[in-house]
Amino acid sequence: MRGLSTLLRGSPLKRACAIVLLAAAVAGLRTQLLGEDDAEPELPPLSIDSSDELLVSADFAQEWVSHGERIMLLRGQCRIRQGDTTMRSRQMVVWERQSPARDGSAWRIDVYLEDEVGIDSPGRSDIDTRRIVSLHTREGATFQLARPAVSQDGSADPVFRRASSLREGADRSALRPTELAVPGQAAAGPELRVVQLQPQQAQIRRIQIFPRSAIPYNVVSFQSPHTTPPEQVWVITGGVVVLVHGLDRFDTVDLAADRAVIWTRPDSEGDFRSERLQSSDQPFQVYLEGNIVIRQGQHVLRASHGYYDAQEEQALLYNAELKAFVPDLNGSIRVQAERLRQLSRDSFHGQNAWVSSSVSGRPGYRLQSSDIFFENRLTEPWMRLGPAPLDPLTGAPLAEPVPWITTLNNTFRVEDYPLLYYPYLSAPADDPGIPLSRAQVGNDRIFGFQVRTAWNMFKVAGLEEPPGVDWDLLLDYYSDRGPAVGTEGKYLGADMFGLPGLARGDGLLYYIHDTGFDRLGRGRNRLPLEDENRFRATWRHRQEFPSGLLGIAELGYLTDRNFYEQYWEDEYDTQKDVETLLYATQSQDNAAWSALLRPELNDFWNTTQWLRGDGHVLSEPLFDGLLTWSTHTSAAYADLHPADRPFSPLEAYTPLPYMPDVEGGVLMTRHLLDAPFNLGPVQVVPYLMGEGAYWGEGMTGDAIDRYLYSAGVKSSFMVWRPYPWVQNRIFGLNGLAHKMVFEAGYSVTEATRDLSEIAQYNPFDDISQLHMRERIPTTTFDGTLPATFDPRFYAVRTGTGLDLTAPYHELVEDQQLLQLAWRHRLQTKVGPPERLRIKDWMLLDLEASYFPNEDRDNFGEDFGLLGARYRWNVGDRTSLLAGSRYDLFDDAQELWDVGVLSQRSTRGSIYLGLRQVKGATLDSKIVTASYSYQMGPKWVSTFRTSFDLEASQNRSQSLTITRIGADFLFHLGLNYNENKDNAGVAFMITPRIGPFANGTANLSSLTNSLSGGRR
């Protein structure tokens, strides 16, 4: 081609020679795409002998049964051989069913062929883009597959949809059937029916041709004498841009190349024009060569040479690259192939190709495949965050097109080194298509050298990944502990398992053969194991029904008490407990009910097994609104089980005195009447609450009941004053308003039972807190917990158990209590002048409680529970924070903290704070500093440190640095924990696809796996 370009710049005689050579060079390329040669004479009819064996071969196959038919969806090198006839294509659909006929044939086999279709028989060879063939044979087809067929419904696959539409005659008005039969064997021989696509109703197409640069192009125009009907041929050199307007899908297609040859129907003038209008059913075919760039909507194709057919919207490109925009990624997917065919508007087939999200160049990792199919699939999402789009004619929901990639004979390569091979992958284009989801390598004193990997189970098993579902295989190894294997997943969708409504859930199965020791902190850094075989099984499901009914199902099992804390410490400290339960609730207006079934599978925890029902009615008006009535009634059978003693005697343990081994019925009903009114500017709410409760077994094992009443009054009023003249650009003040709210509430509570007689059936702590309470009496208070630190009595002093809907109604005692609060808000206005909004510039809350019977209710002090909270939003990104909580009796709590928080928009945050925790023998002042920040487009870092000033002791440090590459996310983490005597380093790599979006949520997801917790 370089020689041709030299000739085209020479004399007229040389240009004429070059034109002939160039036309000959592209003739074969054009024939591959069109599958036709207008100058070729008609071939004799095709003959197939039905007595011959029918053999079908392919690289990959999906198989399913529908309406009594066996259906095979084939990809790769697909071939059908029968006698001397061979049919081949890159994609194929085969329908096979028994269909007795007069000629004795017992099977009917329909075949749809697409992409590089060829039918070879004695005396004839046909080439086309798609065909459909019907065969009658005496025996069914024999399939010779490179690997066993996958039993998977492929009815949503675009290839199958096109095949079904053609076979069922959905577009029969646009089809031209041609019957080919063997002469003299109409009754006995097989029938071959070929159906070809016809152009749709013609529209107007506009063609514009421009120079590619400031240098004008050269044109040679002539009519081809070898075609019927005749064609006008234009040979253009020197750089050209061809714009094709008016196509159905792309509106405008932009073709740019250094050289081009164009074939079209000659018009009345018969000469070259840079702009013309023509009917869309007229041929317009372009051969392109040299630095080709084709823009079609949001798709961009590049190639060295190729062919484009505007009439069929198809293309054949060599040394090509497709950059396809994927909306869910807000970015593009790159497919680079030795040969790339555009099969339809949004369907592409690449051979000897790779796919990556890298924006340019050869990526550091890639998925190399023999065949890559990129197409839009019509799928219905499992979960939709809004109404489904409807067809304006039928009113039926419209399926949403999803960009989809299917690949054959895949090799995952890092640089040029193959690491993994898999024959078939199929996934949405916003998925990297790589089986390895993440890999982490590290070393520390708890687990030793460790390798943690997660593999996408759908890709490992060769299955298509349903929308809204993640499922991973976990393969781990710890040199100081042992090998581990597991699986985890989550799902999100609608109308799952045949149940209407939205649903979501997650699950985890994990097993490890653990031969080491647990290291859980000071005093617990070498705990022997009860069993080397450790296992966890958890599953949580949430189902929202259209009627407002909510259902929750959970399964939670662990082999021992420390497994959860050792391997999932972050989840153990901050997330919901592992439980087994069935829960349902429904609310309507101001009424609600709930039901709970909660068995317990883990005997080493303090837990209660429940069979329970609750009903609520809130704020029901009585006597025309003079009174409101609320109620909470509960009926249950409960089995309270105290935790088993730890296996290791090295672990400190004191049984919790308020959780004995008891069981029985637990009944309770509460009723509240209040009468709110205004006394001038003061809002006043007098109230009266009464309760009747019964326990089948109390602390001593005997049945007990309790009756109580609580009467009181609550009041509040607000005063405020504006200061509109206060203006300050430094502090962002645009006027100022000071608002103060005074609150007061007095209550008297009397109960017929002392709290010490009632077992704590309803938990008020998580498992991690209960484990800590079991250790504190021994590790901190020499074996006996002071009454001032009894958590139940602290809850009573705050009035927690007096709320009508309190989930722990046991926490009530005889008490008189006056609660006072003084709340301040300094507010200003921010934003553009036309849309000003109110912002809290400074907040201060002061609280205190007064106990008239101080000896009974507050350890001899009339005032207690003194609290303060302060926040100054210095600017939009920086805040000063402070808080405190004090009591005045001996050895009481003294808690306070102060800190500064600066947030850089969505890029990260910085915090520096000091906190004191003091009470009885406890005394610590811990300084904490942390930051999480995206330093630039390629780097993210986080750092945390804490130091105890009172004990002059280091606590812990962690540092994580993330490199955001075009292909991978690289994480490097360092951590040190003085309490556990542990130091470690970890390296994690995660395949990346799509752009990295700024945001603190992204920063957290990037660094969480290295800075805390197992995963």
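Residue numbering note: each chain is counted from 1, following its sequence as written. Local features in this predicted model are restricted to residues whose pLDDT is 70 or higher, and side-chain atom pairs enter the listing and the counts only when it is 80 or higher, whereas totals over whole chains, interfaces and linings include all residues. Only hydrogens and water are removed before side-chain values are computed, so all heavy atoms of the structure are retained for them.

### Remarks on the overall build of the protein
Then, in step 1: Under the DSSP-based scheme used, a helix requires at least four consecutive residues in state H or I and a strand at least two consecutive residues in state E, with every element numbered from the N terminus. Secondary structure assignment for the protein yields 10 helices and 50 strands.
Then, in step 2: Three exposure classes are used, based on accessible area relative to the maximum for each residue type with a 1.4 Å probe and protein chains only: buried under 20%, partly exposed in between, and exposed over 50%. Out of the 1015 residues belonging to the protein, those deemed buried represent 46%.
Then, in step 3: Considering only residue pairs separated by 6 or more positions, the protein has 57% of its internal contacts joining residues 24 or more positions apart.
Then, in step 4: Element-wise, carbon and sulfur atoms account for 56% of the exposed surface of the protein, whose accessible area totals about 47700 Å². It only takes one pair of heavy atoms within 4.5 Å for two residues to be counted as in contact. The method behind every accessible area is Shrake-Rupley, applied with a 1.4 Å probe, and residues are considered shielded solely by the protein chains displayed.

### Overview of the pairing of strand β26 (residues 469-478)
Then, in step 1: Two strands pair if DSSP finds at least two bridges between them. Across 7 bridges, the pairing between strand β25 (residues 448-456) and β26 is antiparallel. Its bridge partner lying in β26, alanine 454 is registered against leucine 474.
Then, in step 2: Direction of pairing for β26 relative to strand β27 (residues 482-494): antiparallel, over a ladder of 10 bridges. Bridging across to β27, leucine 475 finds its partner in valine 485.
Then, in step 3: Hairpin connection of β26 to β27: 3 residues between the antiparallel strands.

### Some words on unusual backbone geometry
Then, in step 1: Although it is not a glycine, asparagine 319 adopts a positive phi angle of roughly 50°.
Then, in step 2: Along the polypeptide, asparagine 319 turns up in strand β18 (residues 314-326).
Then, in step 3: By relative accessible area, which is 51% here, asparagine 319 ends up exposed.
Then, in step 4: Its identity as a non-glycine residue notwithstanding, aspartate 782 has a phi of 55°, on the positive side.
Then, in step 5: Secondary-structure assignment places aspartate 782 in the loop between α7 (767-779) and α8 (791-798).

### Thoughts on the nonpolar core
Then, in step 1: Within the largest apolar cluster, 46 residues are counted, with the highest numbers of intra-cluster contacts made by Ile209 and Val242.
Then, in step 2: Top element by residues in this core is β18. It accounts for 6 residues.
Then, in step 3: Not counting chain neighbours up to four residues away, the residues in contact with isoleucine 209 comprise Tyr217, Trp234, Ile236, Val240, Val241, Val242, Ile262, Phe272, Arg273 and Ser274.
Then, in step 4: Buried Ala, Val, Leu, Ile, Met, Phe, Trp, Tyr and Cys residues form a nonpolar core when they are joined through side-chain atoms within 4.5 Å. Listed in part, the 40 residues of the second largest apolar core include Ala484, Leu656, Met659 and Leu770.

### Some words on the pairing of strand β40 (residues 815-830)
Then, in step 1: Both strand β39 (residues 733-751) and β40 contribute to a ladder of 13 bridges, which runs antiparallel. In the strand pairing of β40, glycine 745 is matched with glutamine 819.
Then, in step 2: Bridge analysis of β40 against strand β41 (residues 837-850) gives 13 bridges, and the strand direction is antiparallel. Across the sheet, histidine 824 pairs through a bridge with leucine 844, a residue of β41.
Then, in step 3: What sits between β40 and β41 in their antiparallel hairpin is a turn of 6 residues, with glycine 831 showing a positive phi close to 110°.

### Points about empty space enclosed by the protein
Then, in step 1: Computed over the protein atoms alone on a 1 Å grid, cavities are sets of points where a 1.4 Å probe fits but cannot get out and pockets are open sets with protein on both sides within 12 Å along at least five of seven lines; a residue lines them when it has an atom within 4 Å of a point. Grid points are joined across faces, edges and corners, and a volume is the space filled by probe spheres set on the points. Considering all chains together, one arrives at 8 cavities of 30 Å³ or more under this definition.
Then, in step 2: If you add up the space inside the second largest cavity, you get close to 70 Å³.
Then, in step 3: Around the second largest cavity, the lining comprises 11 residues; the ones closest to its centre are Thr129, Gln314, Arg341, Gln342 and Leu343.
Then, in step 4: Of all the secondary-structure elements, those providing two or more residues to the lining of the second largest cavity are β5 (107-121), β6 (124-137), β18 and β19 (331-344).
Then, in step 5: In this count, Pro and Cys sit with the nonpolar residues alongside Ala, Val, Leu, Ile, Met, Phe, Trp and Tyr, while Asp, Glu, Lys and Arg are called charged and the others, Gly among them, polar. Among the residues making up the lining of the second largest cavity, the classes are represented as 3 nonpolar, 3 polar and 5 charged.

### So, the pattern of salt bridges
Then, in step 1: By definition, a salt bridge exists where a carboxyl oxygen of Asp or Glu is found within 4 Å of a side-chain nitrogen of Lys or Arg. In the structure shown here, the tally under the stated rule is 53 salt bridges.
Then, in step 2: Where arginine 534 meets aspartate 560, a salt bridge forms, and the shortest distance between an N and an O atom there is 2.7 Å. With a gap of 26 residues between them, arginine 534 in strand β29 (residues 533-544) and aspartate 560 in the loop between β30 (549-558) and α5 (563-567) connect regions that are remote in the sequence.
Then, in step 3: Owing to a relative accessible area of 1%, arginine 534 belongs among the buried residues under this scheme.
Then, in step 4: Salt bridges linked by common partners bring Glu743, Arg823, Arg825, Asp845, Glu847, Arg869 and Arg885 together as one network.

### Description of the packing of aromatic side chains
Then, in step 1: For Phe, Tyr and Trp, where Trp contributes only its six-membered ring, two rings pair if their centres lie within 6.5 Å, and the inter-plane angle classes them as stacked under 30 degrees, edge-to-face over 60, or tilted in between. This structure, assessed with the given rule, holds 30 aromatic pairs.
Then, in step 2: For the pair tyrosine 478 and tyrosine 567, a centre-to-centre distance of 6.0 Å together with 80° between the ring planes defines the contact as edge-to-face. Taken together, the residues tyrosine 478 in strand β26 and tyrosine 567 in helix α5 connect sequence positions 89 residues apart. Each member of the pair tyrosine 478 and tyrosine 567 is classed as buried.

### Some points on the environment of threonine 805
Then, in step 1: You can see threonine 805 is positioned in the loop between α8 and β40.
Then, in step 2: On the basis of relative accessibility, which here comes to 41%, the residue threonine 805 falls in the partly exposed class.
Then, in step 3: Spatially, the C-alpha atoms of threonine 805 and histidine 632 are 6.5 Å apart, while their sequence positions differ by 173 residues.
Then, in step 4: Other than its neighbours up to four places away in sequence, threonine 805 contacts His616, Leu618 and His632.

### So, a nonpolar patch on the surface
Then, in step 1: Each patch is built from residues that are more than 30% exposed by relative accessible area and take part in no salt bridge. Like charges join if they lie within 9 Å; nonpolar side chains (Val, Leu, Ile, Met, Phe, Trp, Tyr) join within 5 Å. On the surface, a cluster of nonpolar side chains totalling about 850 Å² of accessible area is made up of Val441, Phe449, Tyr477, Met935, Trp939, Ile961, Leu972, Leu974, Val985 and Phe987.
Then, in step 2: Secondary-structure elements contributing two or more residues to the nonpolar patch are β49 (968-977) and β50 (982-991).

### A look at the environment of glycine 664
Then, in step 1: Looking at where glycine 664 falls in the secondary structure, it is placed in strand β35 (residues 662-674).
Then, in step 2: Considering only alpha carbons, one finds glycine 664 and alanine 703, 39 residues apart in sequence, at a separation of 8.4 Å.

### Some points on a negative patch on the surface
Then, in step 1: This count recognises Lys and Arg as positive and Asp and Glu as negative, with His and chain-terminal groups excluded. Charge coordinates come from a single atom per side chain, which is NZ of Lys, CZ of Arg, CG of Asp or CD of Glu. A contiguous patch of negative charge, built from Glu530, Asp531, Glu532, Asp603 and Asp644, is present on the exposed surface.
Then, in step 2: Structurally, aspartate 531 can be placed in the loop between β28 (502-513) and β29.

### Description of the confidence of the model for the protein
Then, in step 1: Across the protein, the average pLDDT comes to 82, with 83% of residues at or above 70.
Then, in step 2: Per-residue confidence from the predictor is reported as pLDDT, which spans 0 to 100. For residues 1-21, every residue scores under 50 in pLDDT, and the model assigns this stretch 21 contacts once sequence neighbours within four places are set aside.
Then, in step 3: Taken together, the stretch residues 33-49 has pLDDT below 50 and engages in 41 contacts with residues farther than four places along the chain or on a different chain.

### Re α7
Then, in step 1: The terminal C-alpha atoms of α7, which comprises 13 residues, lie 18 Å apart, in line with the 18 Å expected from a rise of 1.5 Å per residue.
Then, in step 2: Where α7 is concerned, the buried positions are Ile767, Ser768, Leu770, His771, Glu774, Arg775 and Pro777.
Then, in step 3: In the core, the buried residues of α7 are packed alongside α6 (569-574) and β33 (607-622). The span expected for a helix works out to 1.5 Å for each residue beyond the first.

### Observations regarding the environment of phenylalanine 284
Then, in step 1: In this fold, phenylalanine 284 is placed in strand β16 (residues 284-296).
Then, in step 2: In this structure, the C-alpha to C-alpha distance between phenylalanine 284 and glutamate 312, residues 28 residues apart in sequence, is 9.2 Å.
Then, in step 3: Residues within four places of phenylalanine 284 in sequence aside, it is in contact with Arg205, Ile207, Val242, Val244, Ile262, Trp263, Thr264, Gln278, Tyr308, Asp309, Ala310 and Gln311.

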